[in-house]
Amino acid sequence: MKQLPLPPIAHVEGDVYLPGSKSISNRALLLAALSEGETTLTNLLDSDDIRHMLNALALLGVSYQWQAEKGEIVVQGRGGPIANSDQALELFLGNAGTAMRPLCAALVVGQGDYVLTGEPRMKERPIGHLVDALRPLGAKVEYLEAEGYPPLRIHASQLAGGRVSIDGSISSQFLTALLMTAPLCQDTLTIDVEGELVSKPYIDITLALMAKFGVEVENRDYRQFVIAAGQRYVSPGRFLVEGDASSASYFLAAAAIGGGPITVHGVGRASLQGDKYFADALAAMGAEIEWQDESITARRGELNGIDMDMNHIPDAAMTIATTALFAKGPTTIRNVYNWRVKETDRLAAMATELKKVGAVVEEGHDYLRVEPVEKLHHAAIDTYNDHRIAMCFSLLAVGGVPVTINDPGCTAKTFPDYFDRLNALCR
Ligand SMILES: O=C(O)C1=C[C@@H](OP(=O)(O)O)[C@@H](O)[C@H](O)C1
Ligand SMILES: C=C(OP(=O)(O)O)C(=O)O
């Protein structure tokens, strides 16, 4: 296994032009494929999660011209469901939740037989709440291994519409998937959300993208959504994918710990992504934050621990956990139970790795409490094939603590050149 030793970094500053948002890239690709007309997406992310979506679309017969080095793709829309020839098609979706969940819902409508599968961890990530919502509408979905988990076999048919409920308490991606498929139903669809809806800002991304592609959703306070019949996706022509706000979190935190200023470009006040609010959490800890419409600048401040519900920023919250090592007093990250069903059990993994560098950590059922100590020490950090663990632990070096990242290549899921980008800011 490859290891990346990071020596202590004296100072960080500079500008970062962010790669495209993973969440927006994969939504825009699927909606472009379902749309009438041709769509040009710019600043498309090039990472494993996006390549899984692109490979799947290619196998499904969606045609596109992709210039990866330019970050530009032209997608020929199908103007409706992605019907496939009669042959059964196996789609391997890696560990990309933003490919597996939305494709599962989109492919139950139309024609064809599909098997949706992925990496071993994908087979441990639940999908039952989505399948339970789709079946009453007429979807034919079978579990091929464990009940409630991929791999799945789908036999596409028509979806009726009407009224369904969906459990929103484990992943917002299930509701996102159902919403994006709703216009393919034959009738108006009313969706009732059961349980506390987690990761709510991702639903705003979904609704914003659907609107961009011409479909309006009535949002009744995130408890009920109505998608009126007769709407179809229409290409917006050109669409710029904004920078990835979760990826921005590592650089903003680096500035807060290691001096700055660092300006991240591509995400700002005007961003559609909830992870922009990571900057508010950092400001609450004492960092100096300046907001512009399309960029954010961070500088060091006196950092103090915080106690915060971070359900709205589940991905960027991991960055808070390592930033907390350089703050005064304990930090508690609350209401993140679903960390346990992501790339790894992130609550357990973060607790284990934070303890390795000397921190005092309490792992709760749905929270993590990190108490910094006077003297942190070097450790080799296991990353569990989780890009965010690799990236957030690089902040140790920024704080002057040498750290070794095991399997640094796992950042390829969303940010293949992360360590080069960080290196470019070191002074
Ligand atoms: O819809 C999306 O693009 C995402 C939703 C979130 O997942 P959950 O809704 O499962 O928390 C987030 O963690 C993931 O990285 C991307
Ligand atoms: C949870 C994540 O990914 P996914 O889209 O696979 O759920 C993530 O990127 O942190």
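Because the structure is a prediction, the values reported are computed rather than measured.

1. Here we look at the nonpolar core
The biggest cluster of nonpolar side chains holds 82 residues, and the ones touching the most others in it are Leu-29, Leu-179, Ile-191 and Phe-225. The element contributing the most residues to this core is helix H1 (residues 22-34), with 8 residues. Not counting the four nearest positions on each side in its chain, Leu-29 is found in contact with Leu-41, Leu-44, Ile-50, Met-53, Leu-54, Leu-57, Ile-73 and Val-75. By size, the runner-up hydrophobic cluster in this structure holds 72 residues, among which are Val-357, Ala-379, Phe-393 and Ile-405.

2. Some remarks on the domain arrangement of the protein chain
When the domains of the protein chain are assigned, the result is domain 1 (3-19 + 244-425) and domain 2 (22-223). Taking only C-alpha atoms into account, the centre of domain 1 sits 29 Å from that of domain 2. Tallying the contact residues gives 28 residues for domain 1 and 25 residues for domain 2. Roughly 2,000 Å² is buried in total at the junction of domain 1 and domain 2, and carbon and sulfur atoms are behind 49% of that figure. When the buried surface of domain 1 facing domain 2 is broken down by residue, Leu-272, Val-341 and Lys-413 rank first, second and third, together holding 29% of it. Between the two partners, domain 1 and domain 2, sit 1 salt bridge. Across the pair Asp-49 and Lys-413 runs a salt bridge, and its minimum N-O distance is 2.8 Å. Scanning the region where domain 1 abuts domain 2 turns up 14 residue pairs in polar contact (both at pLDDT 80 or more). Here the side of domain 1 that touches domain 2 is built from residues that sort into 9 nonpolar, 10 polar and 9 charged.

Conventions and cut-offs
Position labels on residues start from 1 in each chain and follow its written sequence. Chains carry letters and ligands carry numbers; both start at the beginning, A for chains and 1 for ligands, and go up in the order they are written. In keeping with the model being predicted, local features are shown solely for residues with a pLDDT of at least 70 and side-chain atom pairs are shown and tallied solely at 80 or more, while totals for entire chains, interfaces and linings include all residues. To obtain the side-chain values, all non-hydrogen atoms of the structure were included, while hydrogens and water were left out. Buried residues of nine kinds, namely Ala, Val, Leu, Ile, Met, Phe, Trp, Tyr and Cys, make up a nonpolar core once their side-chain atoms join them within 4.5 Å. Exposed residues in this analysis have more than 50% of their type's maximum accessible area, buried residues have under 20%, and partly exposed residues fall in between, with area computed by a 1.4 Å probe over protein chains only. Comment: elements are numbered from the N terminus, with helices defined as DSSP H or I runs of at least four residues and strands as E runs of at least two. The contact definition used throughout considers only heavy atoms, calling two residues in contact when any of these lie within 4.5 Å. These domain limits were set by an automatic method or by a database of domain assignments. Summed over both partners, the accessible area (1.4 Å probe) lost when two parts come together is defined as the buried area. Should a side-chain nitrogen of Lys or Arg be within 4 Å of a carboxyl oxygen of Asp or Glu, the pair is scored as a salt bridge. N or O atoms closer than or at 3.5 Å make up a polar contact, with two conditions inside protein: a donor-capable atom paired with an acceptor-capable one, and, for residues adjacent in sequence, both atoms drawn from side chains. Ten residue types, Ala, Val, Leu, Ile, Met, Phe, Trp, Tyr, Cys and Pro, are classed as nonpolar, four, Asp, Glu, Lys and Arg, as charged, and the remainder, Gly among them, as polar.

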